Amino acid sequence: TDLTKQICSLKQNLVCPPLGMESHRIENDQLLTSSVYQHRYGSHRARLNIQASGDEDDMNGGAWCANPEEKINWIELDARTLTEFTGVITQGRDDPIESDYVSSYYVAFSNDSREWTVLHDGYAEWLFFGNSDKNTPVLSQFMEPVVARYIRILPQTWNGTMCMRMEVLGCPVPDHLSQYQSQNEVMHRDDLDYTHHNYLDMEKLMKSISDECPNISRFYSLGKSFKGLEIYAMEISDNPGMHETGEPEFRYTAGYHGNEALGRELLLMLMQYLCKEYKDGNPRVRHLVDETRIHLVPSVNPDGHMKAFEKGSELGSWTLGHWTEDGHDIFQNFPDLNNILWDAEDKGMVPKLISNHHVPIPEGILSSNGSVAVETLALMSWMESHPFVLGANLQGGERLVTYPFDMRRLTKEMIEDQSLFRWLAISYASTHHTMTQTHQGGCHTDDPTGGMGIVNRAKWKPIPGSMNDFSYLHTNCFELSIFLGCDKFPHQSELIREWEHNREALLTFMAQVHRGIKGVVRDKEGNPISNATVSVEGINHDIRTGESGDYWRLLNPGEYRVTARAEGYSPFTRLCVVGFDPGATYCSFDLNKSNWDRIKQIMALHGNRPIRLLIHVGKSSRIKGSL
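Reading guide: rules and limits
- Residues numbered from 1 in each chain as written.
- Predicted model: local features only at pLDDT ≥ 70, side-chain atom pairs only at ≥ 80, totals over all residues.
- Heavy atoms only, no water.
- Helix = DSSP H or I, 4+ residues; strand = E, 2+ residues; numbered from the N terminus.
- Buried < 20%, exposed > 50% of the residue type's maximum accessible area, 1.4 Å probe, protein only.
- Contact = heavy atoms within 4.5 Å.
- Areas by Shrake-Rupley, 256 points an atom, 1.4 Å probe, with all protein chains shown as cover.
- Lys, Arg positive; Asp, Glu negative; His and termini not counted.
- Charge placed at Lys NZ, Arg CZ, Asp CG, Glu CD.
- Core = buried A, V, L, I, M, F, W, Y, C linked by side-chain atoms within 4.5 Å.
- Phe/Tyr/Trp six-rings, centres within 6.5 Å; stacked < 30°, edge-to-face > 60°.
- Lys NZ or Arg CZ within 6 Å of the ring centre and 35° of its normal.
- Pairing = 2+ DSSP bridges.
- Axes fitted to C-alpha atoms, helices over the stretch in contact; angles between N-to-C directions.
- 1 Å grid on protein atoms, 1.4 Å probe; cavity = no way out; pocket = protein on both sides within 12 Å on 5 of 7 lines; lining within 4 Å.
- Points joined across faces, edges and corners; volume = space filled by probe spheres on them.
- Disulfide = S-S within 2.5 Å.
- pLDDT = per-residue confidence, 0-100.

- An unreviewed UniProt entry lists the protein chain under the name Adipocyte enhancer-binding protein 1, with Cyprinus carpio given as the organism.

Re the overall build of the protein chain
Then, in step 1: The helix and strand inventory of the protein chain stands at 13 helices and 26 strands.
Then, in step 2: When its C-alpha atoms are laid out on the principal axes, the protein chain stretches across 120 × 55 × 45 Å.
Then, in step 3: A burial count over the protein chain gives 54% of its 627 residues as buried.
Then, in step 4: Taking the contacts inside the protein chain whose residues are at least 6 apart along the sequence as the reference set, 76% of them involve residues at least 24 apart.
Then, in step 5: Taken as a whole, the protein chain presents about 28400 Å² of accessible surface, with 50% of it coming from carbon and sulfur.
Then, in step 6: Separation of charge centres in the protein chain, based on 59 positive and 83 negative side chains, amounts to 9 Å.

Quick word on the nonpolar core
Then, in step 1: Tyr-252 and Tyr-428 are the most contacted members of the largest nonpolar core, which has 93 residues in total.
Then, in step 2: A total of eleven residues in this core trace back to one element, the largest contributor, which is helix H4 (residues 261-279).
Then, in step 3: By size, the runner-up hydrophobic cluster in this structure holds 28 residues, among which are Leu-31, Ala-79, Phe-128 and Val-168.

Remarks on the packing of aromatic side chains
What characterises a pair of aromatic rings is the spacing of the ring centres plus the angle enclosed by the ring planes.
Then, in step 1: In the structure shown here, the tally under the stated rule is 25 aromatic pairs.
Then, in step 2: The structure contains a cluster of three or more aromatic residues connected by ring pairs, namely Phe-85, Tyr-105, Phe-109, Trp-126, Phe-128 and Phe-142.
Then, in step 3: One cation-aromatic arrangement involves Arg-152 over Trp-74; the distance from NZ or CZ to the ring centre is 3.6 Å.
Then, in step 4: Directly above the aromatic system of Phe-388 lies the positively charged group of Arg-251, at a separation of 4.8 Å from the ring centroid.

Things to note about the sheet that holds strand S18 (residues 533-536)
Then, in step 1: Here four strands make up an open sheet; going across it, the order is S19-S18-S21-S22 and the pairing antiparallel. A strand with exactly one partner marks an edge of an open sheet, and here the two such strands are strand S19 (539-544) and strand S22 (572-578). The average angle at which neighbouring strand axes cross in this sheet is 30°, direction not considered.
Then, in step 2: Pairing geometry for S18 and strand S21 (residues 558-565), over four bridges, is antiparallel. Each residue of the ladder has a partner; that of Val-536, found in S21, is Val-562.

What about the layout of surface pockets?
Then, in step 1: For the largest pocket, the calculated volume is near 680 Å³.
Then, in step 2: Along the walls of the largest pocket sit 21 residues, with Arg-25, Pro-172, Ser-493, Glu-494 and Arg-497 positioned nearest its centre.
Then, in step 3: Of all the elements in the fold, those that place two or more residues in the lining of the largest pocket are strand S3 (75-91), strand S8 (163-172) and helix H12 (495-511).
Then, in step 4: Top element by residues in the lining of the largest pocket is S3. It accounts for five residues.

Considerations on the state of the cysteines
Then, in step 1: By the definition in use, this model includes five disulfides.
Then, in step 2: The disulfide partner of Cys-213 is Cys-275, and the S-S distance across this bridge is 1.9 Å. Handedness of the Cys-213-Cys-275 disulfide follows from its S-S torsion of about 85°: it is right-handed. Here the residue Cys-213 occupies a position in the loop between helix H3 (199-212) and strand S9 (217-224), and Cys-275 occupies one in helix H4, the gap between them amounting to 62 residues. Each member of the pair Cys-213 and Cys-275 is classed as buried.

Digging into the confidence of the model for the protein chain
Then, in step 1: Mean pLDDT over the protein chain: 92, with 92% of residues reaching 70 or higher.
Then, in step 2: Overall, residues 1-13 carries pLDDT values under 50, and its contacts beyond four positions in sequence, including any with other chains, amount to 16 contacts.
Then, in step 3: pLDDT under 50 marks residues 180-186. Its contacts with residues more than four places away, or in other chains, come to zero contacts.

This is the structure:
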């Protein structure tokens, strides 16, 4: 029959992709177990790479664990359709102390969940060898694919308590009805390269994009990694290589943790998409590229990715390739400027004595003692050399967007731009296909976002020295973190689905760089004033103008009293109105020179010696003081 032919042809492909234990495409009600040790170790905790919480009283243990008093143990997965099963990946329990893992097991199959057939190796029931530690995933492939609806893992021996995490590899068997329906469905598919890329493949692809769209792209490097690999970037703009006055600069970065490969591939797809759609005359893409200078950095930690890539998408552990070659977590390797500003605020020194923005980096922090990674230094130099307005870093292991502050503050919780950051986060989460579908909870715990898909990092998982906090406190750029999904390194077959889930969100978030006010600060002769301060009444966080006097201040709709200040000039305040329509409101300033310039000139003529003032009282004069 046709179905038999389809099954025979499928058998030639011995390794199918994961069904989705780690990615949560397999739902909790598709899992059943023989017993449970405690509630926090139920079947819902059997997902590959799931991480335990530190709270022993919650439901979030680090694996499925069976009741020690039971002699027969099994975990069952209902694929809900006939499936060609080709293998199983097992892993031990995530726990900081205990070392619990399954060292051998049988596998059985069923079509009705009542009658089971244990897999044979041709001579006897096939005993699979499992794990020898709790963290490393181990793949067991079947000699031939097995077609069934249900699969069971039956542990036989284990270390410590009988606990396991797992993934199942399988291909749904197509049926005539679903094939007919899929042929009549309209699915948007961009003509992109939906594959994982090693370092050389990434380099080759980025060069090919630059060659295909030379008028709107520039292929460049931020610097080198610890092992000497280039940290490549792609600029997409109608005038690549130069900053245009009045045009905001935007950045996406990914791959801070080398094993979080999805962000890397999404940015490579985004480059391809912008190039192709611009050439094809897509009006939305053309407007975005013509009005924005876009920078895309797909692999901040190429050394770490090389390690993870060698193991593959399912067989790297939760942390393999996470750090740089010399052991740094790049994302939280930035100077801690939070405590410097917060201490000054608590002492009442901000903003009169100490600025509320562009907090300087303390001397000695960037010395060559190894505390700051070379990758971090390259990022910092890049951030300081471009007038970035908005950015996001793409990460993995959860599905949500976080906004600053990332570091917890005991005396005050809210960031000055709280409502704006929440809007920026929502703009991505709400346009992502699945980020707000949190009915099954989060990847490792209950949903921390309350169904919104966004959360303040300090309230969720606070960390010091983050890229986001550094960016906000040291530069003009507002930076958020986008966690793309539970599976840090999804199977290649998932990439097209992930692109469909993220494409609209990636474009929508980029467009937010044109939200708020923008303009140029000049003197009365029309000369631009760089490093002028632009402050918004009621928001204790200012920004500075760039070299050509231009600025951008992200704001939500409303009326704002905005003041421009510059040394040697009198400050000027005006009302700026931000509407709901797309595009920033133009709000420029022309500043008059202040009298202090004249006073300084007079003092210079007197060798900068104090000048005594004469105060007239009636017909007499007396010396009052000096300047």
